[in-house]
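Notes for the structure review
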Amino acid sequence: MGIEYKIKFAVPGDFNPSALLKKLPSPIDRSSMVEIYNYALEPDGFYFIDHLVSRDVASVALRLFIDEALVYSPSVQIIEP
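Residues numbered from 1 in each chain as written. Predicted model: local features only at pLDDT ≥ 70, side-chain atom pairs only at ≥ 80, totals over all residues. Heavy atoms only, no water.

1. What to know about the sheet that holds strand E6 (residues 77-79)
Heads up, the rule is: Criterion used throughout: strands pair if DSSP finds at least two bridges between them. Labels follow the DSSP assignment, with helices taken as runs of H or I lasting at least four residues and strands as runs of E lasting at least two, numbered in each case from the N terminus. Only the stretch in contact is used when a helix axis is fitted, and all axes are lines through C-alpha atoms; the angle between N-to-C directions ranges over 0 to 180 degrees.
With respect to topology, four strands assemble into an open sheet ordered E4-E5-E1-E6, the strand pairing being antiparallel. Single-partner strands in this sheet number two, and they are strand E4 (37-42) and E6. The mean inter-strand angle of the sheet, taken between neighbouring strand axes irrespective of direction, is 15°. Both strand E1 (residues 3-8) and strand E5 (residues 45-50) contribute to a ladder of six bridges, which runs antiparallel.

2. Examining the pattern of salt bridges
To keep things clear, this is the line we draw: Any carboxyl oxygen of Asp or Glu that lies within 4 Å of a side-chain nitrogen of Lys or Arg is treated as forming a salt bridge with it. The cut-offs for exposure are 20% and 50% of the maximum accessible area for each residue type, with area from a 1.4 Å probe on protein chains only; residues under the lower value are buried, those over the upper are exposed, and the others partly exposed.
Enumeration over the complete set of coordinates arrives at three salt bridges. Residue Asp 44 is joined to Lys 6 by a salt bridge in which the shortest nitrogen-to-oxygen separation is 2.5 Å. Here Lys 6 lies in strand E1 and Asp 44 lies in the loop between E4 and E5, a separation of 38 residues in the sequence. Here Asp 67 makes a salt bridge to Arg 63, at a shortest N to O gap of 4.0 Å. A residue pair is termed a helical-turn pair when its members lie 3 or 4 positions apart in one helix, as Asp 67 and Arg 63 do in helix H2 (residues 55-72) at four residues. Residue classification places Arg 63 among the partly exposed residues on the basis of a relative accessible area of 48%. Salt bridges sharing common partners tie together Lys 6, Glu 42 and Asp 44.

This is the structure we're talking about:
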């Protein structure tokens, strides 16, 4: 159970997510060993799922994905698939 988001933007062909991945908070809640969020890079943007474990951590991660998309596009579309 969770909330899914699609962050659509024009992904450049040479997109390298390594700098973004270094900024992300841990997707695992260490005390319970439960996944907080997950993500995937897709041809038309990012897929993000918040597993509703830690709102604080998931919101930081989601914001980082949105900010990264805005580096490459003047606007992004965020939808719940």
